[in-house]
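The lines below spell out each chain.
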Amino acid sequence: MKRKQGTVPQSRRGSGKGAALMFGPALMARLDALARFTEVPGELTRRYLSPAHVDAVRQVEAWMAQAGMSVRTDPLLSVYGRYEGRRPGRPAIMIGSHLDTVVDAGKYDGALGVLAAIAVVAELDRTGERLDHAVEVAAFGEEEGSRFPTNILTSSALVGAARPRLLEAKDAAGVSVREALAAAGGDAGAFRDCARKKREIAAYLELHIEQGPALEDKGLALGAVTAINGSVRSIVTVSGFAGHAGTVPMGSRRDGLAAASEMVLAIERVATAERDLVATVGRLKVLPGAQNVIPGRVEFTIDMRSPSDAVRRRAHAELIAALRQIAERRGVGVGIDTFQENPATALDAGVIDAVCEAIAACGQKPLRLPSGAGHDAGVMAKLCPSGMLFLRCKDGISHNPAEAITVADADLGVRALLEAVRALDRAAPSSRRRSRERERE
Ligand code: GLV
Ligand code: MN
Ligand code: MN
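For clarity, every value in this text was computed on a predicted model and none was experimentally measured.

Asks: What exactly am I supposed to notice about the coordination of the manganese ion (ligand 3) here?
Replies: Geometrically, a metal with four donors at the corners of a regular tetrahedron has ideal angles of 109.5 degrees, and one with six donors at the corners of a regular octahedron has ideal angles of 90 or 180 degrees. Around the manganese ion (ligand 3), the protein supplies D109 (OD), E144 (OE), E144 (OE) and H399 (NE2) as donor atoms, at distances of 2.0 to 2.6 Å. Binding-site remark: the manganese ion (ligand 3) is held by donors from one chain whose sequence spacing is D-x34-E-x254-H. Here the manganese ion (ligand 3) and the manganese ion (ligand 2) are spaced 3.6 Å apart, and both take D109 as a donor. In this pair, D109 sits in the loop between β3 (92-98) and α3 (111-127) while H399 sits in the loop between β16 (386-391) and α11 (407-427), placing the two residues 290 residues apart along the sequence.

Right, here's the structure in full:
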């Protein structure tokens, strides 16, 4: 399909032709540089608390300091850079995203929001512009849940909603979050110190690639996110009976993988029956995992999402009933641990308006759209008015090394984020009166 490219606006502050791509090339270079922090040479895999993640943390700390921010890394290894406003100590407008990635990731999911936010502050610092609010850049540590079953752990800690039991969650090698934090220079024991007070943060705004095709299909570069779909995540354990692949007759087997396979198809069927409901089995572990042994035990994950909490809850209950029925018929055991549930979250109307205003100020037409993916903004919405700015990505591809954006769009992303911060600064009350109101909340 032939698609129109968005136009590139003149920089509001710059003039002449040279100002057109004031931020894009440098941002793309930094995104490439950050992608070199990987656990696996030849691909981008940067899971929470891996050495690659810790190296990325150190790099981001340095970039924040260079951009004129005072830098603090919290006990869970989220990095915060603060650029004071006209009067030090005022509430902050927080902008940012996450540094961790999925396994074999693209370069833009999370990293774009962090590095564009640093570029915004670097521009404020370069021109000496101070706002009424402080601006804080957040580089959250753990959003993806790609190492531990803990996704959105670090923003949850910021809003005071992280459950302590998540610190004991283990990765595939049996290492707990607590142990990994100790090895990475963090401190699980101090996780409550990550929490911030309502009065400290006036608003949160996250720039992110869309991870879907809506913007590209409409020939638009930027969108304002209206809501984030709800999700539920479970781990299913199927217990069959291991045996000899050559001697046990087909009719006498209790094959854990054959049962799990039927369950995966049942999950697909339940999700397909509902509009806008999606469900994914993304990881499946077969034990003992030998060519000549009937699988005795299988573990797999379920990730189910919908814009409607009622639909998601009903479908999840239906799916659990289907799994139990399959297990019973096949004579295997089934355990279902539903370890995380995030309700659908409407983003703040005032922040959405500020984002639309900013997109228009960049000469672009704003599209209001929901997010199928989960984001730290959905967590931040528990603490403060929150919103998101989506940037078009090629073919809507994400969680895949083929993720791509253009340099012109990257440039627009920084400009729009800067304009949105200014719009929020004008709109959000930062007076002592408001601070006092928040203190009482
Ligand atoms: C994060 O990318 C998620 O939506 O799983
Ligand atoms: Mn992301
Ligand atoms: Mn992601």
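There's more to say after this.
Asks: What am I meant to see in the nonpolar core here?
Replies: A general feature of soluble globular proteins is that nonpolar side chains tend to end up buried together. Counting 84 residues, the largest nonpolar core has I118, M380 and I405 as its most contacted members. Once you skip the residues sitting within four places of it in the chain, M380 turns out to touch M94, F140, L158, V159, I201, Y204 and S386. Grouped together as the second largest cluster of nonpolar side chains are 24 residues, A271, I302, M304 and I320 included.

Asks: What am I meant to see in the packing of aromatic side chains here?
Replies: Ring pairs (aromatic) are described by centroid distance and by the angle formed between their planes. Evaluation of the coordinates by the stated rule reveals three aromatic pairs. Ring geometry for Y48 against F148: centres 6.4 Å apart, planes inclined by 80 degrees, an arrangement best described as edge-to-face. Remark: F148 occurs in the loop between β4 (134-140) and α4 (153-158) and Y48 occurs in the loop between α1 (24-35) and α2 (51-66); sequence separation between them is 100 residues. For F148, a relative accessible area of 1% puts it in the buried group. Ring centres 6.1 Å apart and planes at 55 degrees place the aromatic pair F140 and Y204 in the tilted group. Of this pair, F140 sits in strand β4 while Y204 sits in strand β5 (residues 201-209), placing them 64 residues apart in sequence.

Asks: Can you walk me through the coordination of the manganese ion (ligand 2) in this structure?
Replies: Protein-derived coordination of the manganese ion (ligand 2) comes from H98 (NE2), D109 (OD) and H208 (NE2), at a distance range of 2.0 to 2.2 Å. Judged by its relative accessible area of 6%, D109 is buried. Assessed through its relative accessible area of 1%, H208 is described here as buried.

Asks: Quick question: what am I supposed to make of the packing of α1 against α2 here?
Replies: Two packed helices can be described by the angle between their axes and the distance between those axes. In the contact formed by α1 and α2, the axes pass within 10 Å of each other and the chain directions differ by 150 degrees. Considered as vectors, α1 and α2 are oriented roughly antiparallel to each other. Here R30, A33 and L34 of α1 lie close against α2, whose contacting residues are A56, V60, W63 and Q66. Broken down by class, the residue content of the contact of α1 with α2 amounts to five nonpolar, one polar and one charged.

Asks: Would you mind going over the state of the cysteines with me for this structure?
Replies: By definition, a disulfide links the sulfur atoms of two cysteines through a covalent bond. Counted by the stated rule, this structure contains zero disulfides. Just so you know, C384 is unpaired, no disulfide at all, and the nearest cysteine sulfur is the one on C194, 16 Å from it. Of all cysteine sulfurs, the one in C362 lies closest to C393, which takes part in no disulfide; the gap is 19 Å.

Scoring rules and cut-offs
- Throughout, residues of each chain are indexed from 1 in the direction in which the sequence is written.
- All chains are assigned letters beginning with A, and all ligands numbers beginning with 1, in the order in which they are written.
- Per-residue local features are limited, in this predicted model, to residues with pLDDT of at least 70; the limit for side-chain atom pairs, both in listing and counting, is 80 or more; totals at the level of whole chains, interfaces and linings are taken over all residues.
- Only heavy atoms go into the side-chain values, all of them from the structure, while hydrogens and water stay out.
- As a rule, N, O and S atoms within 2.8 Å of a metal are its donors, except that Na, K and Ca use 3.2 Å; water is not among the atoms, so sites may look incomplete.
- A run of H or I in DSSP counts as a helix once it spans at least four residues, and a run of E counts as a strand once it spans at least two, with each numbered from the N terminus.
- What we call a nonpolar core is a set of buried Ala, Val, Leu, Ile, Met, Phe, Trp, Tyr and Cys residues that are connected through their side-chain atoms within 4.5 Å.
- Each residue is placed in one exposure class: buried if its accessible area under a 1.4 Å probe, protein chains only, is under 20% of its type's maximum, exposed if it is over 50%, and partly exposed if it falls in between.
- Contacts were defined at the residue level, with two residues in contact if any of their heavy atoms lie within 4.5 Å.
- Each Phe, Tyr or Trp ring, with Trp reduced to its six-membered ring, pairs with another whose centre is within 6.5 Å; inter-plane angles below 30 degrees give stacked pairs, above 60 give edge-to-face pairs, and intermediate values give tilted ones.
- Axis angles are defined between N-to-C directions and span 0 to 180 degrees, where every axis is a line fitted to C-alpha atoms and, for a helix, only to the segment in contact.
- In what follows, roughly perpendicular refers to angles from 65 to 115 degrees, roughly parallel to angles under 35, roughly antiparallel to angles over 145, and oblique to any angle outside these ranges.
- Under the scheme applied here, ten amino acids are nonpolar (Ala, Val, Leu, Ile, Met, Phe, Trp, Tyr, Cys and Pro), four are charged (Asp, Glu, Lys and Arg), and all others, including Gly, are polar.
- Whenever a pair of cysteine sulfur atoms sits within 2.5 Å, that pair is classed as a disulfide.

By themselves these figures say nothing about function.
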